[in-house]
Amino acid sequence: MHSRWTVAGATFVVWALVAATAVYWGLKLSARPAPVPVAPVVRATPTADPVAVARLLGSAPVFATAAPVASMASRFALLGVVASPGNEGAALIAVDGKPARPFRIGAAVDDGVVLKFVDKRKAQLAARVDGPVLVTLELPLRR
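Residues numbered from 1 in each chain as written. Predicted model: local features only at pLDDT ≥ 70, side-chain atom pairs only at ≥ 80, totals over all residues. Heavy atoms only, no water.

K.L.:
What should I look at first to understand the packing of aromatic side chains in this one?
P.N.:
Given two aromatic rings, their pairing is described by the distance between the two centres and the angle made by the two planes. Applying the stated rule across the entire model yields one aromatic pair. Here Tyr24 and Trp25 contribute two aromatic rings whose centre-to-centre distance is 5.3 Å and whose plane-to-plane angle is 80 degrees, an arrangement assigned as edge-to-face. Judged by relative accessible area, Tyr24 falls into the partly exposed class, the value being 45%. The class of Trp25 is partly exposed, set by a relative accessible area of 45%. (Phe/Tyr/Trp six-rings, centres within 6.5 Å; stacked < 30°, edge-to-face > 60°. Buried < 20%, exposed > 50% of the residue type's maximum accessible area, 1.4 Å probe, protein only.)

If you want it as structure tokens, here you go:
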């Protein structure tokens, strides 16, 4: 009925399918999974809110008690500072005896005067942010 070559050929085909299946599943199970793309970590640096700084430092009206003075340093009064790492920060400054207002670095404090730099207890004013310092204001010592 069946010739010897038919049985041998059918056996060869069956074993070839078994070998192909073993190779397929061996490769499938040993393959590394594709890496999942990781989103970059972005850290948002908190910025100082000048209005909140003013409330925190108790911005009360400051009234001038003397006649107008000619010195530029006497026109400005530093009432508070928020300094942060980098070139960020804000200062609470009263100009010409008016109520104190918060200013960020680079903001115009008065005509031709900007806030250049803030530190723990001082603020520097200049004509431009990258210009020379005109006035250095310091916080009064607490008693």
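K.L.:
Can you walk me through the pattern of salt bridges in this structure?
P.N.:
Working definition: two side chains of opposite charge can pair if their charged atoms are close together. Counted by the stated rule, this structure contains three salt bridges. One salt-bridge network, held together by shared partners, links Arg75, Asp96 and Asp110. (Salt bridge = Lys/Arg side-chain N within 4 Å of Asp/Glu carboxyl O.)

K.L.:
I would appreciate a short explanation of the sheet that holds strand S5 (residues 113–118) in the present structure.
P.N.:
Whenever strands of a sheet pair, they do so through backbone hydrogen bonds, lying parallel or antiparallel. The strand order across the open sheet built from four strands is S4-S5-S6-S7, with neighbouring strands paired in antiparallel fashion. Looking at strand neighbours, the two that pair on one side only are strand S4 (108–110) and strand S7 (133–138), the edges of this open sheet. Each adjacent strand pair in this sheet contributes to an overall mean axis angle of 40 degrees, direction not counted. Sheet analysis places S5 next to strand S6 (residues 122–126), joined by four bridges and oriented antiparallel. For Leu115, the partnering residue across the bridge sits in S6 and is Leu125. (Pairing = 2+ DSSP bridges. Helix = DSSP H or I, 4+ residues; strand = E, 2+ residues; numbered from the N terminus. Axes fitted to C-alpha atoms, helices over the stretch in contact; angles between N-to-C directions.)

K.L.:
Could you clarify how one ought to interpret unusual backbone geometry in this entry?
P.N.:
One can expect most non-glycine residues to show negative phi and most peptide bonds to be in trans. Although it is not a glycine, Asp96 sits at a positive phi angle of roughly 55 degrees. The topology assignment puts Asp96 in the loop between strand S2 (88–95) and strand S3 (101–104). On the basis of relative accessibility, which here comes to 40%, the residue Asp96 falls in the partly exposed class.

K.L.:
What's the story with the pairing of S6 in this structure? I'm lost.
P.N.:
One face of the sheet, then the other: side chains in a regular strand alternate in exactly this way. Within S6, four of the five residues are buried, which leaves it mostly tucked inside the rest of the structure. Turn length for the S5-S6 hairpin, with the two strands adjacent in sequence and antiparallel, is three residues. Note that S6 and S7 share five bridges and pair antiparallel. Bridge assignment links Ala123 to a residue of S7, and that residue is Leu137. Between S6 and S7, which pair antiparallel in sequence order, lie six residues.

K.L.:
Can you help me understand the side chain of Gln124 in this one?
P.N.:
Looking at where Gln124 falls in the secondary structure, it is placed in strand S6. Those residues within four positions of Gln124 in sequence are excluded, and the remaining contacts are Val114, Leu115, Lys116, Phe117, Val133, Val135 and Thr136. (Contact = heavy atoms within 4.5 Å.)

K.L.:
Can you walk me through the confidence of the model for the chain in this structure?
P.N.:
Detailed reading of the predicted model is not advised wherever pLDDT is low. Averaged over all residues, the pLDDT of the chain equals 81, while 85% of them reach at least 70. Per-element confidence in the chain ranges from a low mean pLDDT of 76 for helix H2 (residues 50–56) to a high of 92 for helix H1 (residues 4–30). (pLDDT = per-residue confidence, 0-100.)

K.L.:
Looking at this structure, I do not really get the nonpolar core. What am I missing?
P.N.:
The nonpolar side chains of a soluble globular protein tend to be buried, and buried together. Of all hydrophobic cores here, the largest spans 17 residues; its most connected members are Phe76, Leu78, Ile93, Val109, Leu115 and Leu125. The set of elements that each furnish at least two residues to this core consists of strand S1 (76–84), S2, S5, S6 and S7. Once residues lying within four places of it in the same chain are set aside, the contact partners of Leu115 are Ala91, Ile93, Phe103, Arg104, Ile105, Gly106, Ala107, Val109, Ala123, Gln124, Leu125 and Val129. (Core = buried A, V, L, I, M, F, W, Y, C linked by side-chain atoms within 4.5 Å.)

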